[in-house]
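# Fold and geometry: a report
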Amino acid sequence: MRPLTLLILLCLHVEAQTPPHEYFIKGNAADAKPAKTSGGLFLAGGGGHVMAGWKWFIECAGGGDIVVLSASGTDFYQGFVMDTIGGADSVETIKFNDGSAARDPRVLEIIAKADGIFLSGGKQTRYLEWWKSTPVADALNAHIRAGKPIGGSSAGLAVLGEHYYASMNGSVTSKTALPDPFYRMVDLGTGFIRAPLLDGVLMDTHFSQRERLGRLLVFLARITNDLKPQRLAGIGVDEGTALCVEPDGTGRVFTEKNGCAWLAQPTQPPKTVEAGKPLVFEHVKVTAIGPESELHLPKLEVTRPVSTRYVSASGGQLHYDPTPP
């Protein structure tokens, strides 16, 4: 047999051996059935694991069974949650290797019994391609309706809002989005996860570290232009930082890297949202939410903010307004 033919056969064999999903568990395999859960939102910006946020999330899950859903990576959360954080009855990780696992009865059973669900980082494109409009999406939304907590980090956070950045064509930057809000990498979607507290909200991640305010304004401008929603805001979360939201919509920030969450609110419609032309979007209110702040998500209000400024986009760049509008 020729070496090239042998190599092809070996590659086909390895691919054939990859299961649709992989399963890991640490802790008690029996169903925990905690007396009470609380339907909070654990919104982590990526670039670090926020221990205080995880403790809050486990408390919301009643110390029960945490299920981590992933499309990449390893069983990291088994040891991190059970050995470093503590307080959970078990941690189960389901790593999806292709979309067929979204219809696996065993996968759906594990999700249905979860007391808390966390979507790990990686590529949100896989979550959207493999889960949207499938029984997994139905199970996630049923979990939320049942008053159980859900969370996500990085890519897992990016898909939790009513609106989301899909990143199907690669990750867009502020530098490339502001000169053309219809640039091919600006691909947006809606109708995946239905967390009522995030109605009208788009989440963004690694926010300050990757200078994503400009692209967030582009996302908000496109949503305003394309969908004309009644309610719209963007929330960016810094690395090593988590915004934890109680069922009543009260949110607070935990951070291990002096980070913030950022609330971006349009005060007026954008003036220019056209293909091939720089975005013109004036007087967007940007509020920094720190550990001493409190977010009132239903009203999109912040008490004790770190700062409040207004920013405008024109000429392919951002400009901070010298005085409030």
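Details of the structure are given in the entry above.
This is a predicted model, so every value here is computed, not measured.

The next point concerns the state of the cysteines. A complete count under the given rule lists zero disulfides for this structure. The closest cysteine sulfur to the non-disulfide-bonded Cys60 is located on Cys244, 7.6 Å from its own sulfur. Judged by its relative accessible area of 4%, Cys60 is buried. With no disulfide partner, Cys260 has as its closest neighbouring cysteine sulfur the one in Cys244, 14 Å distant.

Quick look at the packing of helix α2 (residues 51-60) against helix α3 (residues 76-85) now. Relative orientation of the contacting elements α2 and α3 amounts to 85 degrees, with a least axis distance of 11 Å. Looking at the two axes, α2 sits roughly perpendicular to α3. Along its contact with α2, which presents Met51, Trp54, Lys55 and Ile58, the element α3 presents Tyr77, Phe80, Val81, Thr84 and Ile85. Residue composition of the contact of α2 with α3, grouped by class: seven nonpolar, one polar and one charged.

This part covers the sheet that holds strand β2 (residues 41-44). Read from one edge of the open sheet, 10 strands run β1-β4-β3-β5-β6-β2-β11-β12-β15-β16, paired in mixed fashion. Edge positions in the sheet fall to β1 (21-27) and β16 (301-303), since each has one partner strand and no second. Pairwise comparison of adjacent strand axes, ignoring direction, gives a mean angle of 20 degrees for this sheet. Of the strand pairs in this sheet, strand β12 (residues 250-255) and strand β15 (residues 294-296) are connected by two bridges, and their pairing is antiparallel. Among the inter-strand pairings, Gly251 is bridged to a residue of β15, identified as Leu295. In the packing of helix α4 (residues 105-113) onto the sheet, the strands contacted are β1, β3 (65-70), β4 (90-96) and β5 (116-119), and the crossing angle to β4 comes to about 140 degrees.

Right, let's talk about the pairing of strand β17 (residues 307-314) for a bit. Examined bridge by bridge, strand β14 (residues 281-289) and β17 share six bridges and lie antiparallel to one another. Each residue of the ladder has a partner; that of Lys285, found in β17, is Tyr310. Bridging between β17 and strand β18 (residues 317-320) involves four bridges; their strand directions are antiparallel. Its bridge partner lying in β18, Ser314 is registered against Gln317. Count of turn residues in the β17/β18 antiparallel hairpin: two residues, of which Gly315 carries a positive phi of about 60 degrees.

This next bit is on the pairing of β3. Extensive coverage of β3 is indicated by the burial of six of its six residues. In β3, alternate side chains face the same way, and those of Asp65, Val67 and Leu69 on one face and Ile66, Val68 and Ser70 on the other are all buried. In this sheet, β4 lies alongside β3 in parallel orientation, the contact comprising six bridges. Bridge pairing in β4 places Ser70 opposite Lys95. Once the chain exits β3 it traverses α3 before rejoining the sheet at β4, and the crossover so formed is right-handed. Pairing of β3 with β5, which is carried by four bridges, proceeds in the parallel orientation. Residue pairing across strands places Ile66 opposite Gly116, the latter belonging to β5.

Let us look at the environment of Val245. The topology assignment puts Val245 in strand β11 (residues 241-245). Given the relative accessible area of 0%, Val245 is considered buried. Put simply, Val245 and Thr255 are 10 residues apart on the chain and 14 Å apart in space, counted from C-alpha to C-alpha. When near neighbours in sequence (up to four residues on either side) are disregarded, Val245 contacts Gly40, Leu41, Leu43, Trp56, Leu197, Thr250, Gly251 and Leu297.

Moving on: the side chain of Ser312. You can see Ser312 is positioned in strand β17. For Ser312, a relative accessible area of 10% gives the class buried. Here the side chain of Ser312 touches His283 through a polar contact of 2.9 Å, landing on its backbone nitrogen. Here the side chain of Ser312 touches Asp321 through a polar contact of 2.9 Å, side chain to side chain. When neighbours within four sequence positions are excluded, Ser312 is seen to be in contact with Phe281, Glu282, His283, Gln317, Leu318, His319 and Asp321.

Aromatic ring pairs are described here by two measures, namely the spacing of the ring centres and the angle between the planes. Scanning the entire structure with this criterion turns up 15 aromatic pairs. In this structure an aromatic cluster arises from ring pairing among Phe42, Trp54, Phe57, Phe76, Tyr77, Phe80 and Phe118. Its guanidinium or amino end placed over the ring of Tyr23, Arg106 lies 5.8 Å from that ring's centre, counting from NZ or CZ. The aromatic ring of Phe182 is capped on one face by Arg222, whose charged end is 4.1 Å from the ring centroid.

The rules behind the values
- Residues numbered from 1 in each chain as written.
- Predicted model: local features only at pLDDT ≥ 70, side-chain atom pairs only at ≥ 80, totals over all residues.
- Heavy atoms only, no water.
- Disulfide = S-S within 2.5 Å.
- Buried < 20%, exposed > 50% of the residue type's maximum accessible area, 1.4 Å probe, protein only.
- Axes fitted to C-alpha atoms, helices over the stretch in contact; angles between N-to-C directions.
- Helix = DSSP H or I, 4+ residues; strand = E, 2+ residues; numbered from the N terminus.
- Parallel < 35°, antiparallel > 145°, perpendicular 65-115°, else oblique.
- Contact = heavy atoms within 4.5 Å.
- Nonpolar A, V, L, I, M, F, W, Y, C, P; charged D, E, K, R; others polar.
- Pairing = 2+ DSSP bridges.
- Right-handed = clockwise from strand over helix to strand, strands pointing away.
- Polar contact = N/O pair within 3.5 Å; in protein donor to acceptor, adjacent residues only side chain to side chain.
- Phe/Tyr/Trp six-rings, centres within 6.5 Å; stacked < 30°, edge-to-face > 60°.
- Lys NZ or Arg CZ within 6 Å of the ring centre and 35° of its normal.

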